[in-house]
Amino acid sequence: EYLADSDPTDAANYFYLISLSDPSSNGMVSVSFVSSTAREYQIHYQDTPLDDNGWLETTNFFVGGDSLTDWADDGTNAPPATNDLRFYRVKVRIP
C-alpha cells in the first residue's frame, strides 16, 4: 500500500492494471493502470514466457498521472516483439 501510494483503509483504493489493449486495432499495445503523481513508474517487457531474468526496461522512470496512466508500446520505446507474445509489468518507486 505504501509503495503504491494507495489508502489501506479504502478497499477500493489499490494499485491494479486497468486494461491491456489488443494491438490488432492500431498496431500498438496500450497499458493502463492506476497511478499517483507522488510515484514514478517504469514499464518492463519480455518476449519469453515469464522468465524472471528476462525483463527489459522500455523507458526511464516517469511520474504517474493523477489517478490513471496510459502507456503505449508504440515501437519507439521497445524493439518489436520477437514472437506473437509479449509480457508487461509495471515497476513502482518512490521518487
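Structural notes, computed from the coordinates.

Parameters and conventions
- Residues numbered from 1 in each chain as written.
- Predicted model: local features only at pLDDT ≥ 70, side-chain atom pairs only at ≥ 80, totals over all residues.
- Heavy atoms only, no water.
- Helix = DSSP H or I, 4+ residues; strand = E, 2+ residues; numbered from the N terminus.
- Buried < 20%, exposed > 50% of the residue type's maximum accessible area, 1.4 Å probe, protein only.
- Contact = heavy atoms within 4.5 Å.
- Areas by Shrake-Rupley, 256 points an atom, 1.4 Å probe, with all protein chains shown as cover.
- Lys, Arg positive; Asp, Glu negative; His and termini not counted.
- Charge placed at Lys NZ, Arg CZ, Asp CG, Glu CD.
- Salt bridge = Lys/Arg side-chain N within 4 Å of Asp/Glu carboxyl O.
- Polar contact = N/O pair within 3.5 Å; in protein donor to acceptor, adjacent residues only side chain to side chain.
- Patch = residues over 30% accessible without salt bridge, like charges linked within 9 Å, V, L, I, M, F, W, Y side chains within 5 Å.

### Notes on the overall build of the chain
Reasoning step 1: Each helix and strand in the chain was counted, giving zero helices and seven strands.
Reasoning step 2: Starting at the N terminus and ending at the C terminus, the chain contains elements arranged as β-β-β-β-β-β-β.
Reasoning step 3: Counting only C-alpha atoms, the chain reaches 40 × 30 × 20 Å along its principal axes.
Reasoning step 4: Expressed as a percentage of the 95 residues in the chain, the buried residues total 32%.
Reasoning step 5: Taking the intrachain contacts of the chain between residues at least 6 apart in sequence as the baseline, contacts between residues at least 24 apart amount to 56%.
Reasoning step 6: For the chain, the exposed surface amounts to about 6,100 Å²; the carbon and sulfur share of it is 52%.
Reasoning step 7: Counting 5 positive and 15 negative side-chain charges, the chain places the centres of these two groups 8 Å from one another.

### Focus: the pattern of salt bridges
Reasoning step 1: Evaluated as defined, the whole model comprises four salt bridges.
Reasoning step 2: Between Glu40 and Arg93 there is a salt bridge, with the nearest N and O atoms lying 2.8 Å from each other. Of this pair, Glu40 sits in strand E3 (residues 40-46) while Arg93 sits in strand E7 (residues 87-93), placing them 53 residues apart in sequence.
Reasoning step 3: Overall, the relative accessible area of 16% leaves Glu40 in the buried class.
Reasoning step 4: For Asp73, the salt bridge identified is with Arg86, shortest N-O distance 3.1 Å. Taken together, the residues span a long stretch of sequence, with Asp73 in strand E6 (residues 68-73) and Arg86 in the loop between E6 and E7 at a distance of 13 residues.
Reasoning step 5: Its relative accessible area of 9% is what places Asp73 among the buried residues.
Reasoning step 6: One network of salt bridges, with partners in common, ties together Asp47, Asp73 and Arg86.

### Describing the environment of Ser21
Reasoning step 1: Mapped onto the elements, Ser21 comes out in the loop between strand E1 (17-20) and strand E2 (29-34).
Reasoning step 2: Put simply, Ser21 and Asp10 are 11 residues apart on the chain and 28 Å apart in space, counted from C-alpha to C-alpha.
Reasoning step 3: Beyond its immediate stretch of four places on either side in the chain, Ser21 contacts Met28, Val29 and Ser30.
Reasoning step 4: Within the structure, the side chain of Ser21 is placed 2.7 Å from the backbone nitrogen of Ser30, a separation counted as a polar contact.

### A short note on a nonpolar patch on the surface
Reasoning step 1: Together, Tyr14, Tyr16, Ile18 and Leu68 make up an exposed nonpolar region whose accessible area comes to about 370 Å².
Reasoning step 2: Positionally, Tyr14 belongs in the segment before E1.
Reasoning step 3: Judged by its relative accessible area of 42%, Tyr14 falls in the partly exposed class.

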